[in-house]
Amino acid sequence: MCFGTRYCGSNLTLEAALDHFIYRDGALWAEDVPVAEIAAQVGTPFYLYSTATLTRHFKLFDEALDWGPHLVCYAMKAASNQAILRTLAAEGAGMDVVSGGEYARAKAAGVPGDRIVFSGVGKTRDEIRAALEGGIRQFNVESEPEMQVISEIASSMGTQAPIAIRVNPDVDAKTHAKIATGKSENKFGIPIARAREVYAMAAKLPGLKVVGIDVHIGSQLTDLEPFELAYTKVAELTEALRADGHEISRLDLGGGLGIPYARSNEAPPLPTDYGKLIQKTVGHLGCEIEIEPGRLIAGNAGILVSKVIYLKHGEGRDFLILDGAMNDLIRPAMYEAHHDIVPVVEPEVGIEPKPYDIVGPVCETGDTFAKERLMPPLTAGDLVAFRSAGAYGAVMASEYNTRPLIPEVLVHGDQFAVIRERPSFADMINRDSIPAWL
Ligand SMILES: *Cc1c(COP(=O)(O)O)cnc(C)c1O
């Protein structure tokens, strides 16, 4: 069992740790703040992010591409709070956006248009126009009809839209089916076999400026091999397109590098090795490299802190009923995802762990975070932390069961701030409006 550093039998230094949530003096800290202190002030459940972890992960990617011109565009769909975006933008991050709302968020956080890449299979006319008006580094085009619409709108505005075409390399990302995007049966991109034809079409359309190629094969990849297959195909395509007379100066290689959700037995590749692989596969082409990591930047930079409401003895099993639920963190219900769950009070050495089913209060059996999870003995009132909850956590939350969206808190050294308030019941109810006939 590995509850924390003490249980792992190693004296993990902060530098070697994956994040800045570690046990100190018998309790879990976020950087230089005890988690329990934040819980006492903010109330549970809540998301808690570490500035030092966010910036460290960004820098790992940035440095991994130091061998050439590059821009790390944070895939902000992973965690898009304004404070998180500002933290990363201040380090020099660009943004990868997938909706008009995300584009507006990136701009509101002060990210200049020429650092924003617009991805996504269904960009609307309004979204395309807004991005052209506000400035955009490039659209990652996902289909021919979309390319025609971008051409039309840019022409009518008397401007040129920079585009990369997203190719689908037909590579198996070997990840969860719901987040694999690079197989030919997936809805994303243009089949790589048809790419030359589509680039030829792009060259003829008014209002477009072809700048490069885009690829993104999926999320939570725990092996470099699918990336290698995809990037090798992109390198071949680059040469073919250049031979056809296109100027390919930029390669957007997407995101997708996985993180260890179960720390005791997972060790996905590091950004450094990923950077070396990129250099090996496409480095010789002299292109500017863009990557779009989301999960690896935000995932281990956030935890979800929750409290045990009840310890319930069931038939042959004990349930820990938490105040956090599937509406707050949907990954276990949606992707069968594992999250390490640790007590906020560090367990005593040698304590005998017990199996618990860890559940939320929502009226669905799907509201189960873990089954027969070995934990130190816990009871009502105890705090627990879900690790690796910073990405695809808060952004996927809902108010199902009229449970308020939980607050987000950001730690920075010995300071912390609520970066999104918990709405009151009145806030939630007042969003509804009553028609005249009622
Ligand atoms: C989701 C997504 C990403 C980010 O994926 P991660 O696994 O979070 O790194 C990057 N690019 C595109 C186009 C995406 O859809």
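None of the values given here were measured: they were computed from a predicted structure. (Residues numbered from 1 in each chain as written. Predicted model: local features only at pLDDT ≥ 70, side-chain atom pairs only at ≥ 80, totals over all residues. Heavy atoms only, no water.)

1. Focus: the side chain of Arg166
Alright, step 1. Mapped onto the fold, Arg166 is located in strand 9 (residues 161-168).
Alright, step 2. Arg166 has contacts with Val141, Glu142, Thr181, Phe188, Gly189, Ile190, Asp214 and His216, leaving out every residue within four places of it along the chain. (Helix = DSSP H or I, 4+ residues; strand = E, 2+ residues; numbered from the N terminus. Contact = heavy atoms within 4.5 Å.)

2. Quick look at the site of the ligand
Alright, step 1. Around the ligand, 15 residues are found, and the nearest of them are Lys77, Ser219, Glu292, Arg295 and Tyr392.
Alright, step 2. Within the backbone of Gly256, a nitrogen or oxygen atom sits 2.8 Å from an oxygen atom of the ligand.
Alright, step 3. When atom positions are compared with the pocket grids, the ligand is found to occupy the largest pocket. (Near = heavy atom within 4 Å. Polar contact = N/O pair within 3.5 Å; in protein donor to acceptor, adjacent residues only side chain to side chain. 1 Å grid on protein atoms, 1.4 Å probe; cavity = no way out; pocket = protein on both sides within 12 Å on 5 of 7 lines; lining within 4 Å. Sits in = over half its atoms within 2 Å of the grid points.)

3. Description of unusual backbone geometry
Alright, step 1. Of note, the bond from Thr44 into Pro45 is cis; its omega dihedral lies within 30 degrees of zero at -10°.
Alright, step 2. Mapped onto the fold, Pro45 is located in the loop between helix 2 (35-42) and strand 4 (46-50).
Alright, step 3. Positive phi, close to 50°, is recorded for Glu336, a residue that is not glycine.
Alright, step 4. Along the chain, the position of Glu336 falls in the loop between helix 12 (331-335) and strand 16 (341-343).

4. Concerning the nonpolar core
Alright, step 1. Counting 100 residues, the largest nonpolar core has Tyr74, Phe139, Ile163, Tyr231, Leu251 and Leu253 as its most contacted members.
Alright, step 2. Sort the elements by how many residues they give to this core and helix 9 (residues 225-243) lands first, with seven residues.
Alright, step 3. Grouped together as the second largest cluster of nonpolar side chains are 19 residues, Phe21, Ile38, Ala39 and Val342 included. (Core = buried A, V, L, I, M, F, W, Y, C linked by side-chain atoms within 4.5 Å. Buried < 20%, exposed > 50% of the residue type's maximum accessible area, 1.4 Å probe, protein only.)

5. Digging into the environment of Thr87
Alright, step 1. In this structure, Thr87 sits in helix 4 (residues 82-89).
Alright, step 2. With a relative accessible area of 14%, Thr87 lands in the buried category.
Alright, step 3. Put simply, Thr87 and Ala52 are 35 residues apart on the chain and 9.6 Å apart in space, counted from C-alpha to C-alpha.
Alright, step 4. Ignoring any residue separated from it by four or fewer positions in sequence, one finds Thr87 in contact with Thr51, Leu54, Thr55 and Leu410.

6. A closer look at helix 8 (residues 195-204)
Alright, step 1. Taken together, the buried positions of helix 8 are occupied by Ala195, Val198, Tyr199 and Ala202. For helix 8, the buried positions fall inside an angular range of 100° around the axis, keeping them on one side. In helix 8, the exposed positions that point more than 90 degrees away from the buried face belong to Ala203 and Lys204.
Alright, step 2. Tucked inside the fold, the buried residues of helix 8 contact helix 7 (144-156), strand 9, strand 10 (190-191), strand 11 (208-214) and helix 9. (Arc of directions from axis to C-beta.)

From the geometry alone we can't say anything about function, so treat these as descriptive.
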